Amino acid sequence: MTPVGAVATIGRLCRITRVTWLSELLEPGRMVSTAIQVGSQVFLTACLWTALYAHTEVSAGLQEHQAVGYAVLAVLASRLRPLSRDMAPDSFYRHMREGTILYWFLRPLPPHRYHLVRALGDQAHGLLWVLAGYGLCTTAGVVPLPDGRWTLPAFLVSMFLGQVIVYQLSLILDLLCFWTVANSNALHVSHFVQSLLSGAFAPLWFFPGWFTTANSFLPFQSTLHIPLSIYVGRIPVNRVPREVAVQAVWCLLLWLITRTLWKRAESRVAVQGG
Amino acid sequence: MAGGTALRRSVYRLRLSWKLTSLNVRARLEYRVEFALGILAGILWQASVMVFATVLISRFPGLGGWSSGGVLLIASIRLLSHAVYGVLFANVNRLHAIVQEGKLEAFLLRPLPVYRQVVLHQFHINTFGDLAVAVTLFSLALRRLALEWTPFKIVFLCAAVVGGALIEAAVQTALSCAALRSPTATADWTGWLDHTLSTFGNYPLAILPGAVSGLLTFVLPVAFIAYLPAAVLTGTYEGTLVPREIALASPCAGVVLFLAARRLWNWNMRRYEGIGG
């Protein structure tokens, strides 16, 4: 590819990532509601964990500031998930039901790349919310700043790999539509499982040993629990390389699965309507 | 004579509702995997409350002056009323989609009140899951609380569950009025409201700062759904912000608010101009 061609391709891809931003900007009501939702959720989470620690110094190896920081960051990180595009209407399920999924296979851009670029736009949009929330929470003292020189870089690497895993898990659910047609309930189930096993509901340190052992064989704790535990100092920096290696293995495994699913899906596109 | 006609009408409405619901369930059964996942999703969605409750029971002595059993009672009453709301009114917070897809215009042409058509539009199988979790959590709460059950307390609990369901229906109905004008902007707000009721409604409001607790008692009546009824059942009035008499009358709030919300809905419906399609 020539440099001019490469620039043109990047420009086209950037235009696709902009879709999320533009559609959100056209709906200021949605943006206000997101701000209120995130704000109220962060507020309640901080109040809950502070109240729980009212008569306790340390629980499950976590002090109050660590537990509050973990729980609040988990709430903020949930904004990084791919957006719900039901109202756009641009969800995978809507495309399958209305037959417009066909266009994904007629465009000059391969469908898997289009899906990835749209998701990048979603996650970049979510990142902006996270950064704004993080800035406010650290200023207010709700979330402590990372302790130690290597904690922040280690957290960022781990969080990035976690987001790759989040994307691949959501892609698997979207691709399921090629076999099951509808996936809204599968999305609900997955949302719960992912939230529970990643530590979004409550830090995984509070769960019984058998639960955390079983969970360590699944990819979910790599999405949130590992990066957040690194951030609050519950996982020491010398253990980070091992944890990051596990995350990288999950990225590779899930990439192989999604690659196979895309290939099989392409041979069974069924138009339901339109 | 008039009583007989009213009874016949009520029976006819019930039979019609049952028929429409059966058809909706059959339609959902067309996608078998989705149907099964729908029930599972209902269980798992509410199980997040159980997860938090498990953490609470196993690791901490209580929350906001309430024992862990008391907190479980608040959460279970909230879930029970949410399950009743789910069976009867869940479609109200899907009104934005109904308007956007242009279905409301078809409802206007049929010889049945529009609100009734909205609530009967689809049956949410997830509510079976809600109910299963609610009952489990309630039995857990009862096991941890040494409550003395009197006939008054049993009647009060039933009234509180129905009242809580009506409060949720009232709040969602009032909000859905905005969907008649701007469906896309309302979609996220209904989700937010659902989320707010389910998170703030499960815990004693005493853990929140006074102003927020007041807001959730007197502006958005979250306290009336489960917190105040649980306070009456356990006798824990400390930190409730209302006198004992108001807490005792909390189930009535649902009836009053629902009637007001329906009036507001009818008023907005009369001014509805088609925007979907």
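Residues numbered from 1 in each chain as written. Chains lettered and ligands numbered in written order. Predicted model: local features only at pLDDT ≥ 70, side-chain atom pairs only at ≥ 80, totals over all residues. Heavy atoms only, no water.

Draft legend 1. View of the interface of chain B and chain A. Taken together, the 39 residues of chain B in the interface contact 42 residues of chain A. Here chain B and chain A share an interface that buries about 3600 Å² over both sides, 72% of which is from carbon and sulfur atoms. Area buried by chain B at its contact with chain A is led by E34(B), R59(B) and F60(B), which between them contribute 17% of it. At the boundary of chain B and chain A, one finds 0 salt bridges. Counting the contacts that link chain B with chain A gives 1 residue pair in polar contact (both at pLDDT 80 or more). (Contact = heavy atoms within 4.5 Å. Buried area = accessible area lost by both parts, 1.4 Å probe. Salt bridge = Lys/Arg side-chain N within 4 Å of Asp/Glu carboxyl O. Polar contact = N/O pair within 3.5 Å; in protein donor to acceptor, adjacent residues only side chain to side chain.)

Draft legend 2. Structural context of the packing of aromatic side chains. In this structure the tally under the stated criterion is 15 aromatic pairs over all chains. Grouped by ring-pair contacts, the aromatic residues Y85(B), F89(B), Y115(B), F258(B) and W265(B) constitute a single cluster. Across the ring face of W205(A), the terminal group of R234(A) is positioned such that the distance to the ring centre comes to 3.9 Å. (Phe/Tyr/Trp six-rings, centres within 6.5 Å; stacked < 30°, edge-to-face > 60°. Lys NZ or Arg CZ within 6 Å of the ring centre and 35° of its normal.)

Draft legend 3. Spatial organisation of the confidence of the model for chain A. Across chain A, the average pLDDT comes to 84, with 92% of residues at 70 or higher. At the low end of the mean pLDDT range in chain A sits helix α4 (residues 92-98) of chain A, at 73; at the high end sits helix α10 (residues 225-232) of chain A, at 95. (pLDDT = per-residue confidence, 0-100. Helix = DSSP H or I, 4+ residues; strand = E, 2+ residues; numbered from the N terminus.)

Draft legend 4. Focus on the pattern of salt bridges. Per the stated rule, a full pass over the model turns up 3 salt bridges over all chains. K103(B) is paired through a salt bridge with E101(B); the nearest N and O atoms lie 3.0 Å apart. Here the residues in one salt-bridge network are R239(A), R242(A) and E243(A), joined through shared partners.

Draft legend 5. A look at the nonpolar core. Within the largest apolar cluster, 115 residues are counted, with the highest numbers of intra-cluster contacts made by L48(A), W49(A), F206(A), F207(A), L63(B), L73(B) and L208(B). Counting 25 residues, the second-largest nonpolar core is a separate cluster that includes I98(B), V99(B), A169(B) and W265(B). (Core = buried A, V, L, I, M, F, W, Y, C linked by side-chain atoms within 4.5 Å. Buried < 20%, exposed > 50% of the residue type's maximum accessible area, 1.4 Å probe, protein only.)

Draft legend 6. Spatial organisation of a positive patch on the surface. All names here are of chain B. Residues R181, R263, R270 and R271 make up a contiguous surface patch of positive charge. Locating R263 in the fold gives a position in helix α13 (residues 250-270). Overall, R263 belongs to the exposed group, its relative accessible area being 68%. (Patch = residues over 30% accessible without salt bridge, like charges linked within 9 Å, V, L, I, M, F, W, Y side chains within 5 Å. Areas by Shrake-Rupley, 256 points an atom, 1.4 Å probe, with all protein chains shown as cover. Lys, Arg positive; Asp, Glu negative; His and termini not counted. Charge placed at Lys NZ, Arg CZ, Asp CG, Glu CD.)

Draft legend 7. Spatial organisation of empty space enclosed by the protein. Residue and element names in this part refer to chain B. The full count for this structure, using the stated rule, is 2 cavities of 30 Å³ or more. What lines the second largest cavity is simply V49, F52, A53, L56, V71, L72, A75, N202 and Y203. Looking at the lining of the second largest cavity, the elements with two or more residues in it are α2 (32-59) and α3 (68-89). When residues in the lining of the second largest cavity are grouped by element, the largest group, 4 residues, is from α2. For the lining of the second largest cavity, the per-class residue count stands at 8 nonpolar, 1 polar and no charged. (1 Å grid on protein atoms, 1.4 Å probe; cavity = no way out; pocket = protein on both sides within 12 Å on 5 of 7 lines; lining within 4 Å. Points joined across faces, edges and corners; volume = space filled by probe spheres on them. Nonpolar A, V, L, I, M, F, W, Y, C, P; charged D, E, K, R; others polar.)

Draft legend 8. Local environment of the environment of R234(A). Residues and elements named next belong to chain A. Mapped onto the fold, R234 is located in the loop between α10 and α11 (240-266). Overall, R234 belongs to the partly exposed group, its relative accessible area being 25%. Setting aside its immediate chain neighbours within four residues, R234 contacts A60, G61, L62, Q66, W205 and S229. A distance of 3.3 Å separates the side chain of R234 from the backbone oxygen of A60, its partner in a polar contact.

Draft legend 9. View of helix α10 (residues 210-219) of chain B. Residues and elements named next belong to chain B. Among the residues making up α10, those that are buried are S213, G214, L216 and T217. One side of α10 carries all its buried residues, which in axial view fall inside an arc of 165°. Exposed positions of α10 whose direction lies more than 90 degrees from the buried face are A211, F218 and V219. (Arc of directions from axis to C-beta.)

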